[in-house]
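Next come the chains, spelled out residue by residue.
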Amino acid sequence: MRYFFCLLFTIIVFPFLLFGQQMQVGELLDPQGVKIEGALLITSNQQTISDENGNFSLQINSYPLNLEVFHINYKPKVIKLNQVLKDTLSIILVESADTLSSIEIKGKKMVPKNLEANFLELDIKSLQKRPHLFGEFDILRVLQKKAGVTNISEVDGGYYVRGSSNGQNQIHLDGAPVYYANHLMGINSTFNGDIIESATLQKGNFHARQGGALASFLEVNSKRGSLESYSLRGGLSLLSSRLAFEGPISKNKASFSLGIRKSYYDLISKSYNNINEGKEGFSPLPNFNFYDVNGKVFLKPSTKNHLVFSYFRSKDGFSINDPNNPGIGLDWANNVINLEWVYIMNKKWRAHFNSSYSNFGFLLDFQTLKAFNAENRTSSINNQVEFNFEPHTNFSLDIGSFFSKSFYLATTKELQNDLLNFKNSDLEEQSTYYGIYFQSRYLIDEDLEFSTGLRVNAFYSDLLFSHLSPRLAVKYRPASNWIIHADWSRNFQYHYLFSLLSINLPADIRMPSTVNLPVQSADLFSIGTSLSLNQQLQFNANTYYKSLQNQIVYENGGSLNFDKLQENLLIGKGWAYGTEISLKAKNKYTSLDINYTWSNTWRQFEGINEGKAFHPVYDIRHFIYINSLVKINTHLSFGLNWFYNTGAITTFPTGYLPLQNFNSTSFQPSITPLFEERNNFRMPPSHRLDIAANYSWQSKKEFKSTITVGIYNVYNQANPYFVYFSVHREDRESLQVIPKKKALLPLFPTISYSFQITK
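Presented here is a report on the structure given in the accompanying data block. Because the structure is predicted, anything quoted here is derived from the model rather than measured. Starting afresh in each chain, residues are numbered from 1 along the sequence in its written order. Reporting of local features is limited, given that this is a predicted model, to residues whose pLDDT is at least 70; pairs of side-chain atoms are given and counted only at 80 or more, and all residues count toward the totals for whole chains, interfaces and linings. With hydrogens and water stripped out, all remaining heavy atoms of the structure feed into the side-chain values.

So, the pattern of salt bridges
Close approach of charged atoms allows side chains with opposite charge to pair. Any carboxyl oxygen of Asp or Glu within 4 Å of a side-chain nitrogen of Lys or Arg constitutes a salt bridge here. All chains considered together, the criterion is met by 21 salt bridges. For Arg162, the salt bridge goes to Glu580, with nearest N and O atoms at 2.8 Å. Of this pair, Arg162 sits in the loop between strand 10 (160-161) and strand 11 (169-173) while Glu580 is found in strand 34 (residues 569-586), placing the two residues 418 residues apart along the sequence. For each residue, the accessible area found with a 1.4 Å probe, counting protein chains only, is set against the maximum for its type, and the residue is called buried under 20%, exposed over 50%, and partly exposed in between. Judged by relative accessible area, Glu580 falls into the buried class, the value being 3%. Its salt-bridge partner being Arg477, residue Glu449 comes within 2.9 Å of it at the nearest N-O pair. A residue pair is termed long-range when its members are at least 10 positions apart, and Glu449 in strand 27 (residues 448-460) and Arg477 in strand 28 (residues 464-479) qualify at 28 residues. Here the residues in one salt-bridge network are Glu136, Arg261 and Asp292, joined through shared partners. The way it works is that DSSP assigns letters per residue, a run of H or I at least four long becomes a helix, a run of E at least two long becomes a strand, and they are numbered from the N terminus.

Right, here's the structure in full:
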């Protein structure tokens, strides 16, 4: 412990004594006030890159000087500085119609963060022109096709990162957790593409502020609204219609943004049911609907203070109301409120305060012969404070603390008989999660960067758990456009997500770690290289190994029963390793994105397969994805997606046993499957081609429109959703069992329309 405090003192205190030059801080924005990440800023003796918040800092030796700003999607800009400004230097970049052919990088100082293989940043504007399911842009479906990320079916809204389960990811919207981020059981995500400013996925080299999950951290930020002009965006797809409105409340001082999206299938189904109600043989269509609302207010009372208030709500409903059959109803909803304050204390210190409330609820009402309903809810109050210290461009330090209070509720109620006796199964828990962290970055020289972090975790439910989560990363730059990196981190997760099926569903139940449910942990080591050629070609290759402890699985024949939870679960370990390769190419007319992943994932439990290791359902051995966009002219562009992946893992019976059914009047034997091993079969591979054509026009200077026509699943590939067995009896002495696959999404056309009005 004495050595630990000596190390902490050295990391925190030593840089304070080392640097004393003048510091200029600033921010990069587009004309609508959107933050610009990854811009290159160059002076005569140094250069830097704007971070994910559009912020930058420069060490100033002498004046006057020229500051050059470059970004591949914006026009270059040169600014003359005569002195250090007391306030933040705000630089507005104007979007360029043409892509820069190259950027000259002087020296070896900085490489953009988006070169790193552990960091996935989505280009929202470009991706909206690619083919999408039902013509609806969806960031989660885009992420599922990135290197190191997989899913197990076309309608699975979950994603699996480097051998971890879907429940080991963490999703934040504007800094607040979102517990279930899908509409329509996973067909579409809850994030409206028109209101999203940025989306980044961190799958390794975690910052110390990132904790409580083992696999990845997805950060989604909604638009904060332009400080200069008003804008109205909207569109129609086969699933929904949407509108987004933003603009200044007080010019250069305050802004707002508001986005609304609503499905309209329920309008069609209700009209159809009303017209045909009472007709003989009529079977009503099911009703499903969803909507989501995003709102944000940005206040800038001074150049040193930024305040942001944001709100998000999503809701889904599904019901079948057939008088001749039992009814079923499902509802689930998210509610998120977030308040953020950024205070720039001086040239070297910045403070960031964040408070949020998140809630998710699910309700099932199933009117069978025995009435049944189930409900689960998760809610949390979250607070975080972080101080950023940057005395010099060669060193930065982030220090913070966090506090979260969470509440969990899960109930089921089943009618046992006609005397209205109910069987209840209830779970109600709460937990407290708090701690401190620090993260430091040293630029030893122009070629070598060293980063360390430590997160001190404390978690209380029915027992106090405490753990240290260290991080370590090294980057070496043999050239200005090439980095070699290695990192190691240890993470702890203090909750479990119990899945009812193999795919991600709103009915999945979240529970905290307890005495009987030990804390999950994972060690992740990765090493890789990243190369950029003239900002037009980017290549990433990464190899990782992950070790996981205290993983859970249902025992053979077990299920989620709150009264006998410990009896139905087994606790074991897991490990995964793989290689990820991605290639991005971009010029004035064409962009190409190729991702390949080879991975091998294992789990091992005493009591499953005689204690032998086996593959979980999300073990996808090979995955390749190709995405391309070709710009013909200013009006017309074409996009295509193609992917291939080996099949997911499932459990097949190894034989069938005929048993006499004495309750049947036919006296025919029933056929009972025999299972010897879990996860003993790999499904057939999946692959699919999607294409789309985009036509854009501008009728007036302020009015832009785009219509997108596409074909989903061009060659009508029947990708398996699940496999079932059909039993054919030839005579009393023999029978034949035939495996069949069920596919859900055949070839079908898609069309969408979008517009933007700027004033």
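Here we look at helix 4 (residues 265-276)
For an α-helix, 3.6 residues make a turn, and residues three or four places apart therefore share a direction. Residue count minus one, scaled by 1.5 Å, sets the expected span of a helix. With 12 residues, helix 4 extends 17 Å between its outermost C-alpha atoms, agreeing within 8% with the 16 Å of an ideal straight helix rising 1.5 Å per residue. Looking at helix 4, one finds that the buried residues are Asp266, Ser269, Asn273 and Asn276. Across the axial projection of helix 4, the buried residues extend over an arc of 115°, all falling on one side. Those residues of helix 4 that are exposed and aimed more than 90 degrees away from the buried face are Leu267, Ile268, Asn274 and Ile275. At the C-terminal side of helix 4, Gly278 shows a positive phi close to 90°. Our arc is simply the arc of the directions from the helix axis toward the C-beta atoms.

Description of empty space enclosed by the protein
Of the grid points, spaced at 1 Å and generated over the protein atoms alone, those admitting a 1.4 Å probe that cannot get out make up cavities, while open sets with protein on both sides within 12 Å along at least five of seven lines make up pockets; any residue with an atom within 4 Å of a point is treated as lining. Grid points are joined across faces, edges and corners, and a volume is the space filled by probe spheres set on the points. Taken as a whole and judged by the stated rule, the model has 5 cavities of 30 Å³ or more. Approximately 80 Å³ is the volume attributed to the second largest cavity. Taken together, Gly148, Thr150, Tyr160, Arg162, Gly163, Tyr544, Thr597, Ser599, Thr601, Tyr618 and Ile620 make up the lining of the second largest cavity. A total of 3 residues in the lining of the second largest cavity trace back to one element, the largest contributor, which is strand 35 (residues 590-604). Each residue belonging to the lining of the second largest cavity can be placed in one class, and the counts come to 4 nonpolar, 6 polar and 1 charged. Polar here means any residue other than Ala, Val, Leu, Ile, Met, Phe, Trp, Tyr, Cys and Pro, which are nonpolar, and Asp, Glu, Lys and Arg, which are charged; Gly is therefore polar.

Remarks on the nonpolar core
Working definition of a nonpolar core: buried Ala, Val, Leu, Ile, Met, Phe, Trp, Tyr and Cys residues. They are joined through side-chain atoms within 4.5 Å. Judged by nonpolar contacts, the single largest core of 26 residues is most densely connected at Leu122, Ile139, Tyr159, Phe191, Leu218 and Val220. Pairs of residues are marked as contacts when any of their non-hydrogen atoms sit within 4.5 Å. Contacts of Phe191, omitting those with residues within four sequence positions, involve Ile139, Ile171, Leu173, Ala181, Ile196, Val220 and Arg261. Judged by nonpolar contacts, the second largest core, of 16 residues, contains Leu28, Ala39, Leu67 and Val69.

Some points on the environment of Lys315
Its place among the elements puts Lys315 in strand 21 (residues 305-320). In the structure, Lys315 is positioned 47 residues away from Phe362 in sequence and 9.9 Å away in space, judged by C-alpha atoms. Ignoring anything within four residues of it in the chain, the contact list for Lys315 reads His183, Asn289, Phe290, Tyr291, Asp331, Trp332 and Ala333.

Focus on the pairing of strand 17 (residues 231-236)
Within a regular strand, side chains alternate between the sheet's two faces. In this analysis, strands are considered paired if DSSP registers two or more bridges between them. Relative to strand 18 (residues 240-250), strand 17 runs antiparallel, the two sharing 6 bridges. Of the residues in strand 18, the one forming a bridge with Gly235 is Arg242. Connecting strand 17 to the antiparallel partner strand 18 that follows it, the hairpin turn spans 3 residues. With 6 bridges joining them, strand 17 and strand 46 (residues 748-758) adopt antiparallel strand pairing. Residue pairing for strand 46: Gly235 is matched across the bridge by Ser754.

A word on the sheet that holds strand 5 (residues 65-71)
With antiparallel pairing, 4 strands are arranged side by side in an open sheet as 3-2-5-6. Looking at which strands have only one partner, the edges of the open sheet turn out to be strand 3 (47-49) and strand 6 (74-81). Each strand axis lies, on average, 15° off the axis of its neighbour in the sheet, ignoring direction. Across 3 bridges, the pairing between strand 2 (residues 40-42) and strand 5 is antiparallel. For Leu40, the partnering residue across the bridge sits in strand 5 and is Phe70. Here an angle of 0 to 180 degrees is reported between the N-to-C directions of two axes, which are lines fitted to C-alpha atoms, with helices fitted over the stretch in contact.

Shape descriptors only; they carry no functional weight alone.
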